[in-house]
There are 4 protein chains.
Amino acid sequence: SGMWGGRFSEATDAFVAEFTASVQFDQRFYKQDIAGSIAHATMLAKVGVLTEQERDDIINGLNTIKAEIEAGQFEWRIDLEDVHMNIESRLTQRIGIAGKKLHTGRSRNDQVATDIRLYVRDEIDAILTLLEKLQKGILGLTSKNTDTLAQPVTFGHHLIAWFEMLVRDSERLIDSRKRVNRMPLGSAALAGTTYPIDRAYTAELLNFEAVAENSLDAVSDRDFAIEFNAAASLIMMHLSRMSEEMILWTSAQFKFVNIPDRFCTGSSIMPQKKNPDVPELIRGKTGRVYGDLMSLLTLMKGQPLAYNKDNQEDKEPLFDAIDTVRGSLMAFADMIPALVPNIEIMREAALRGFSTATDLADYLVKNGVAFRDAHEIVGKAVALGVQESKDLSELSLEQLQQFSDLIQADVFEKALTLEASVNARNHIGGTAPAQVAAAIERAYIRLEKLYA
Amino acid sequence: SGMWGGRFSEATDAFVAEFTASVQFDQRFYKQDIAGSIAHATMLAKVGVLTEQERDDIINGLNTIKAEIEAGQFEWRIDLEDVHMNIESRLTQRIGIAGKKLHTGRSRNDQVATDIRLYVRDEIDAILTLLEKLQKGILGLTSKNTDTLAQPVTFGHHLIAWFEMLVRDSERLIDSRKRVNRMPLGSAALAGTTYPIDRAYTAELLNFEAVAENSLDAVSDRDFAIEFNAAASLIMMHLSRMSEEMILWTSAQFKFVNIPDRFCTGSSIMPQKKNPDVPELIRGKTGRVYGDLMSLLTLMKGQPLAYNKDNQEDKEPLFDAIDTVRGSLMAFADMIPALVPNIEIMREAALRGFSTATDLADYLVKNGVAFRDAHEIVGKAVALGVQESKDLSELSLEQLQQFSDLIQADVFEKALTLEASVNARNHIGGTAPAQVAAAIERAYIRLEKLYA
Amino acid sequence: SGMWGGRFSEATDAFVAEFTASVQFDQRFYKQDIAGSIAHATMLAKVGVLTEQERDDIINGLNTIKAEIEAGQFEWRIDLEDVHMNIESRLTQRIGIAGKKLHTGRSRNDQVATDIRLYVRDEIDAILTLLEKLQKGILGLTSKNTDTLAQPVTFGHHLIAWFEMLVRDSERLIDSRKRVNRMPLGSAALAGTTYPIDRAYTAELLNFEAVAENSLDAVSDRDFAIEFNAAASLIMMHLSRMSEEMILWTSAQFKFVNIPDRFCTGSSIMPQKKNPDVPELIRGKTGRVYGDLMSLLTLMKGQPLAYNKDNQEDKEPLFDAIDTVRGSLMAFADMIPALVPNIEIMREAALRGFSTATDLADYLVKNGVAFRDAHEIVGKAVALGVQESKDLSELSLEQLQQFSDLIQADVFEKALTLEASVNARNHIGGTAPAQVAAAIERAYIRLEKLYA
Amino acid sequence: SGMWGGRFSEATDAFVAEFTASVQFDQRFYKQDIAGSIAHATMLAKVGVLTEQERDDIINGLNTIKAEIEAGQFEWRIDLEDVHMNIESRLTQRIGIAGKKLHTGRSRNDQVATDIRLYVRDEIDAILTLLEKLQKGILGLTSKNTDTLAQPVTFGHHLIAWFEMLVRDSERLIDSRKRVNRMPLGSAALAGTTYPIDRAYTAELLNFEAVAENSLDAVSDRDFAIEFNAAASLIMMHLSRMSEEMILWTSAQFKFVNIPDRFCTGSSIMPQKKNPDVPELIRGKTGRVYGDLMSLLTLMKGQPLAYNKDNQEDKEPLFDAIDTVRGSLMAFADMIPALVPNIEIMREAALRGFSTATDLADYLVKNGVAFRDAHEIVGKAVALGVQESKDLSELSLEQLQQFSDLIQADVFEKALTLEASVNARNHIGGTAPAQVAAAIERAYIRLEKLYA
């Protein structure tokens, strides 16, 4: 390429030029590249490396180029390799020699590292917004189902479990954002630069919390991308678990929940099918993000410092994870609040599942039986129920007393109704409707703090 | 979508429609889809489900559509979800009711499974061609370097090691091709179809070796994609090892080999740099293919039979692995035969590395010392060499005799020259130039058999 | 260590000695190590490097050591690093100087590569035996269920799908076995040896199909381990899908199948629970083998030839995959033939699921409606059924005729009974009981060929 | 097993019992299990579920059992499945009926979740201690090498890059520790318990920061294990990069650094070899931890809530990652401070590599040339240097002036000496010795804060 070709005696092979170019995918962060260049030029002018005129020409030129790109009028050239050289080359074309001065005191190594961090920072913020929307959507659905009986917990309690998973995802992204938000710019190729740069000033212009402490590390470090992809993998893992449950719950055998038609598709040959496409697809997309994580980990394994061409491969697995997480969260943020629980069916299933067996054991314990012995007694009662196809509450008092004469008539009310069973789990974290209601209240307060 | 919407009361959400569509990426196998449909229609006519006229209309229609696609005149529609429904819908638009009959006796489940297999089969063949080119390129370079002394082996011997890796890759692809080349078509959604289809005939038309034996398995099976990605991961692993060696060898410290300029790029800030971009990039791309493998494995884990929407995610990781392997092999097939070994530098390095230490031990063994004792003696001689910064051949006979009086003047000629050392490893698989030359001859014969 | 310490001025740090030792896990292939040494000594004697007496002393010594190990009387020493040096050191202790001659013409690099291949070859054979047992167990259960109606296929047909998966696993192992069964011995450290070895003879003694063609490649190659772990990952993926189905089928909502108590456990707090522990655990173990595959792929990425200490890490992920696959196959080979299908419940579920909708569409097609139009018509009929909570066969003829007047009274018998639906899929690969019976017959013949 | 067998009619198959048991590996956290039980019993007594006598008997019994275990006198029984039931069973054996009461109000589900968290919390603290030791070891070595010239940075600057990586690792572990340190106990099987438990009190006794907010989530959540393994993967990735560099630097071609003999081993056949075993082995161990991460991610994918037997597989990949990270950090914490740089060789290498080319470009820029033009000029000068095998500082002024007449005699002193080059990068993060010294000072302060 014309931009570094001074020492070369032979032109780059055409296939090699395309094979090694990145502009096909790194043009995605043109906005961050331009913002970074504007901050860099502003700083260079402040320390006297550029004149104010040069700075203004550069800024105006870059803003025009940004408009060109957004209007679809920018011609991206493979022979200019990447987003950086495409923009710089166009800048020089527009403003002349000042354009050739922009790259003073920096290198593509610190430039691209800065661009990706700015990009990931923006995407983390966008994902946090989606997570918040989904979290609140779950809380809304929970509010309507604090005392809907599902199997052995209330449906609302189950939904809060989903909420908790997703809150951890937000926490992790917020923690990781600190490590994203450190500025590599000023590291140049790897050793720093001989110009009297003011990195703190550039960092302030770009809203970075800190400057990267070591230039060699700053251009080599892709931890933040891996940490993001690990957090993204956990998000997808959570969505896959939620998906699995929705797929089960909407199956012909469960029918616990309906997904509105607008989130489903049919079959090209079996007209009766209504497929839970969105959860199935999202369950499937989990593998993709795991793969993206593995790609980046493998990429960085055993690489000597500092920037090697290997690192060009850091972008696509990161972009793919970002896109997948965003799309999946958008779909769920719409779909989950629209779920329709089949309250009667869930209640019947709960009745059929010996849900109150533990309550019977606890009843015995409260009457003086040691827990392990109570457990043994109830096991035998259940075996009888299975044999007679009856729930514990459908066995007669006499039948129950076969197993322990401590069982009295109050057992049916105190232990063997679903409501009693659920209400009795009345401590923080328990499934009692009162606890679920309290959990919702705390949840809104926690969200407020989290996103403050 | 209009194609399966009979039972639905609500239109698909626009975002969901896009999120769940696959036409953006599965249009890639339009050619295989059309070939499959033509074979299917031909078979349906043979068994009397279609008239000859209908068959001919379908075939002509499909061929026209293929031409439209290749001319860039086909409008792919997201609302038609995938390559199959896009083509079928256009067919009906062109030829009327006969188009609506094409899908008789099949389902998208067996259709897509057939398309992917046809596609992978084609790609395996293309990759085998590239592997063959690279293998022969290596043999060509080897022929020129059968007696180039590198460190402790000849350079030619080292190249044959690369060749052997790549031959295993071809073997694996050839083995896996058998499992790709079985036809799912006729499985319909999962249970087979009520029409009197002739699967053997369709298989013959499409050059499949066999029909899939069980319809439920046939639509669920993605083993072949995973097996391909595993083979692709091994290819990339091999290329990453070759890359690592070229990166080392071209470093300022080694200088064993030059890569022609046309495969390299420079630095935007350090004008003196000539980067081994192609090997670095390919080393980096390894992670990507590993990630693709992991994506597919995760995708299929724990999926109940048969086709679930999850499986739509089988394509992109497969395509990405295919593209990466093809691009990487193309780059290496061009570049590796063009490597320029620095024969003098390699020879000097071999001299400096105590390469003949084992030969001295073997010399002692041939004079009656037990191997373990010989090993101990040589270790001490080396320690002296390190201390005096001398190779073993530069120590005096007196110095050597300190460690064993079995060492005589003939040691220099019989054991301590590089040529003697290399020539002495004269058995099948050994590094002696004569063996390398013989290995090349055998290699060409093996390739002929492999690609017969 | 005493075995290579000649040039060293400082003893190995104790922690380092333990950290870098492998004897804790590589003692697992003592049998292969001894077999390899016996063959090596036999060959050395044949070519005159050892006397017959030395050979016999070595062989007798090694056999005694083998007996010591198997009697639990062998003291493995960490300071001797690995299985090779532990055995060699003990040999020298027992037989004196001849023991020091055993290592002539080989290196630990080719020795360990040979040991692992022998070990993997044995394990592949053991796994093939387990696969065969499981495959036949499935066929046995299938034979009893060729016409058990499940949803929309027969239960027997579903079982054949499992069988097909596992047959591919056997095929893959058999293919990979060829690449395992090549002998590295004779490669020495990486360049071959100066002794007049007869590799073909050693290979014959050890039942290797061929000698590795290049010494450098032979000591560096771990493809076979990765290929094994990839095949193992596919086996586990298959077992995870079977597990998922068994977990679903045994759930309170499905109840399609019972797993005998001896394969289940209970809950420590909910006495009514009978957990499908074995399938859940095996589903969980899938991740472990995927991880083992990823470990090996990462391990080999970017490693320059030949043997680096990194490669010591090749063993545990391989062993873990072998153990996990063996244990899982043993558990399933016992459990699956013992599954008890609940025939009535499966039949009822099939009735409730609009299983015959496609048959109605096919009925219409046979009466002249284009497939896509028929599909649309049936979709509307299903919508009515959903609304009225009736299967298609429970709708009246009048209700059906609303959607098409081509529907006649024969529709109930020809299209809307489960038996008709299943019987009609009467082509190779289809679910018709006659086809399932034929598939079983072919299956036994295929197994015979496969394991010939 | 006797502990949950009430409902079962058939004994567990012996192989199944062993296959499904976990005591072989979960006995590792007996200490945490006992601490958790003591806290649980203390809380139960506080709320009146146990008497003070029962509480004391339990606590004494458990302490005795702990002593038995630590003395190697405890007999672990496979038929008791896991660490929990082994200890509880022994407790009942020792103290009678009070032992059977210990499990009141809890389940193995919340018990094991608590144990693992306590265990991981302890291990994070141990790993942080090792990281601190290694970080300080690096700083110590850095202090001695602030102005050691390496290629194009000082050796001290390079070491600080290593330090920065490891500091991020500590930050990540500290962040993740918050999410480990939440107490599941009180969640019972998944719904909470009917006893009037005081979770806050138990949490206080066990030093948990908070109680888990939702019982269903609390027993299902393994995020913390995955988050740990992701952090561990990053640690290993960093160690693999450091390893790669040490392997390069100690190679015969580089010789930049010596690793003391006590961290190295020799070759069994090439006595002259001194292998950098520790870094090679650690580079290899990276794959193992990546695999452990992938295992856990796969394990949790698509699992419906709450605890399934799959989750038994959460332990070994976690333990393996912990052990690998601890061992690797211990080895490096010893080895790295003992590295011996070859100062002269590094300086010479820096001289040979056109290290000052960028400085020449900057010199031109300071004399008014636009950066891109300067870059072009220097490229040509370098090409001449390559051709004449001379460093830029070895070209004559006349030769340099060919390319630009702005080059004056002062160029040699101002731009072309290594010292000038390094000293000029004098800003935060730059390689100037003064900056490295300042970085060390800041580093110690940061460590103090980090581990406060």
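Rules used in this analysis
Residues numbered from 1 in each chain as written. Chains lettered and ligands numbered in written order. Predicted model: local features only at pLDDT ≥ 70, side-chain atom pairs only at ≥ 80, totals over all residues. Heavy atoms only, no water. Helix = DSSP H or I, 4+ residues; strand = E, 2+ residues; numbered from the N terminus. Buried < 20%, exposed > 50% of the residue type's maximum accessible area, 1.4 Å probe, protein only. Areas by Shrake-Rupley, 256 points an atom, 1.4 Å probe, with all protein chains shown as cover. Least-squares fit on C-alpha atoms with pLDDT ≥ 70 in both. Contact = heavy atoms within 4.5 Å. Buried area = accessible area lost by both parts, 1.4 Å probe. Salt bridge = Lys/Arg side-chain N within 4 Å of Asp/Glu carboxyl O. Expected span 1.5 Å × (residues − 1). Polar contact = N/O pair within 3.5 Å; in protein donor to acceptor, adjacent residues only side chain to side chain. Nonpolar A, V, L, I, M, F, W, Y, C, P; charged D, E, K, R; others polar. Phe/Tyr/Trp six-rings, centres within 6.5 Å; stacked < 30°, edge-to-face > 60°. Lys NZ or Arg CZ within 6 Å of the ring centre and 35° of its normal. Axes fitted to C-alpha atoms, helices over the stretch in contact; angles between N-to-C directions. Parallel < 35°, antiparallel > 145°, perpendicular 65-115°, else oblique. Left-handed = near helix turned anticlockwise from the far one by under 90°.

Q: In this structure, what is going on with the overall build of chain A? I would like to understand it.
A: Helix and strand content of chain A: 20 helices and four strands. Seen through its principal axes, chain A has C-alpha atoms that stretch 100 × 50 × 40 Å. Each of the 452 residues in chain A was classed as buried or not, and the buried ones make up 69%. For chain A, the exposed surface amounts to about 13900 Å²; the carbon and sulfur share of it is 49%.

Q: Just checking my understanding: could you explain the relation of the copies chain A and chain C for this structure?
A: Between the two copies of this chain, the relationship is a rotation about some axis together with a displacement along it. Screw-axis analysis of chain A against chain C gives a translation of 0.0 Å along the axis, an RMSD of 0.0 Å, and a rotation angle of 180°. Taken together, the turn and the small shift mark the pair as related by a two-fold rotation axis. When each C-alpha of chain A is compared by its distance to the rotation axis, Gln253 of chain A comes out closest, at 2.8 Å. Both copies share a contact surface, since 100% of the interface residues of chain A are interface residues in chain C too.

Q: How do you make sense of the relation of the copies chain C and chain B when you look at a structure like this?
A: Taken as rigid bodies, chain C and chain B are interconverted by a rotation of 180° and an axial shift of 0.0 Å, the fit giving an RMSD of 0.1 Å. The overlap is high: 99% of the interface residues of chain C also sit at the interface in chain B, so the same surface is used on both sides.

Q: Would you take a moment to explain the interface of chain C and chain B for this structure?
A: Accessible area lost upon the coming together of the parts serves often as the stated size of an interface. Counting from both sides, the interface comprises 97 residues of chain C and, opposite them, 96 residues of chain B. Across the interface of chain C and chain B, roughly 8500 Å² is buried in total on both sides, 56% from carbon and sulfur atoms. Per-residue buried area on chain C facing chain B is highest for Glu213, Arg241 and Arg372 of chain C; these three make up 10% of the total on that side. The tally of links between chain C and chain B comes to 26 salt bridges.

Q: Explanation requested: helix α11 (residues 223-250) of chain B in the structure shown.
A: Quick reminder: α-helices carry 3.6 residues per turn. Residues three or four places apart thus point the same way. Compared with the 40 Å implied by 1.5 Å per residue over 28 residues, the 40 Å span of α11 of chain B between its first and last C-alpha is a close match. The buried fraction of α11 of chain B is high, at 27 of 28 residues.

Q: What's the story with the pattern of salt bridges in this structure? I'm lost.
A: Where charged atoms from two side chains of opposite charge come close, those side chains can pair. What the rule picks out here adds up to 171 salt bridges over all chains. Between Glu316 of chain C and Arg288 of chain D there is a salt bridge; the shortest N-O distance is 2.8 Å. With Glu316 of chain C in helix α13 (residues 315-335) and Arg288 of chain D in helix α12 (residues 277-300), this residue pair bridges two chains. You can call Arg288 of chain D buried: its relative accessible area is 12%.

Q: Help me out: how do you make sense of the interface of chain A and chain C in this one?
A: Counting from both sides, the interface comprises 30 residues of chain A and, opposite them, 30 residues of chain C. Across the interface of chain A and chain C, roughly 2400 Å² is buried in total on both sides, 59% from carbon and sulfur atoms. Here chain A and chain C share zero salt bridges between them. Put simply, chain A and chain C have four residue pairs in polar contact (both at pLDDT 80 or more) between them. For the side of chain A that touches chain C, the leading source of residues is helix α16 (residues 371-388) of chain A, giving six residues. Here the residues of the side of chain A that touches chain C sort into 15 nonpolar, eleven polar and four charged.

Q: Even after reading the chapter, I still don't get the packing of aromatic side chains, so can you show me in this structure?
A: Remark: the centre distance and the inter-plane angle together describe each pair of aromatic rings, the angle taken between the planes. Tallied over the full model, the rule gives 34 aromatic pairs over all chains. Between the aromatic rings of Phe74 of chain C and Trp76 of chain C, the centroid separation amounts to 4.5 Å while the plane-to-plane angle is 55°, which identifies the pairing as tilted. Owing to a relative accessible area of 10%, Phe74 of chain C belongs among the buried residues under this scheme. Overall, Trp76 of chain C belongs to the partly exposed group, its relative accessible area being 22%. Chaining the aromatic ring pairs together yields one cluster made of Phe254 and Phe256 of chain A together with Phe254 and Phe256 of chain C. We note Lys285 of chain B situated over the ring of Phe19 of chain A; from NZ or CZ to the ring centre the distance is 5.3 Å.

Q: Sorry if this is basic, but what is going on with the environment of Val386 of chain B here?
A: When you line up the elements, Val386 of chain B lands in helix α16 (residues 371-388). For Val386 of chain B and Thr250 of chain B, which are 136 residues apart along the polypeptide, the C-alpha to C-alpha distance reads 26 Å.

Q: Just to check I follow, could you spell out helix α13 (residues 315-335) of chain D for this structure?
A: The end-to-end C-alpha separation of α13 of chain D is 30 Å, in line with the 30 Å expected for 21 residues at 1.5 Å each. In terms of residue burial, α13 of chain D counts as a mostly covered element, since 16 of its 21 residues are buried.

Q: Is there a simple way to explain the side chain of Thr286 of chain A in this structure?
A: With respect to the helices and strands, Thr286 of chain A occurs in helix α12 (residues 277-300). The exposure class assigned to Thr286 of chain A is buried, which follows from its relative accessible area of 0%. From its side chain, Thr286 of chain A meets the backbone oxygen of Arg283 of chain A in a polar contact 2.9 Å long. Apart from residues no more than four positions distant in its own chain, Thr286 of chain A is found in contact with Met236, Met237 and Ser240 of chain A together with Lys301 of chain D.

Q: In this structure, what is going on with the environment of Leu339 of chain B? I would like to understand it.
A: All names here are of chain B. As for its placement among the helices and strands, Leu339 is situated in the loop between α13 (315-335) and β4 (340-341). Leu339 gets classed as buried once you look at its relative accessible area, which sits at 4%. Spatially, the C-alpha atoms of Leu339 and Ile138 are 9.9 Å apart, while their sequence positions differ by 201 residues. The contacts of Leu339, once residues within four sequence positions are left out, are Leu141, Trp162, Met246, Val257, Asn258 and Ile259.

Q: It is not clear to me how the packing of helix α15 (residues 357-366) of chain B against α16 of chain B should be interpreted in this structure. Could you clarify?
A: Angle between the axes and distance between the axes: these two values describe a pair of packed helices. Residues and elements named next belong to chain B. In contact at an axis separation of 9 Å, α15 and α16 are set at 135° when each is read in the N-to-C sense. Taken together, α15 and α16 sit at an angle that is classed as oblique. In this structure, α15 meets α16 at a crossing whose hand is right-handed. For the pair α15 and α16, the contacting residues are Ala357, Leu360, Ala361, Asp362, Leu364 and Val365 in the first and Phe371, Ala374, Ile377, Val378 and Val382 in the second. Across the contact of α15 with α16, the residue classes break down as ten nonpolar, no polar and one charged.

Purely geometric stuff here, so don't read any function into it on its own.
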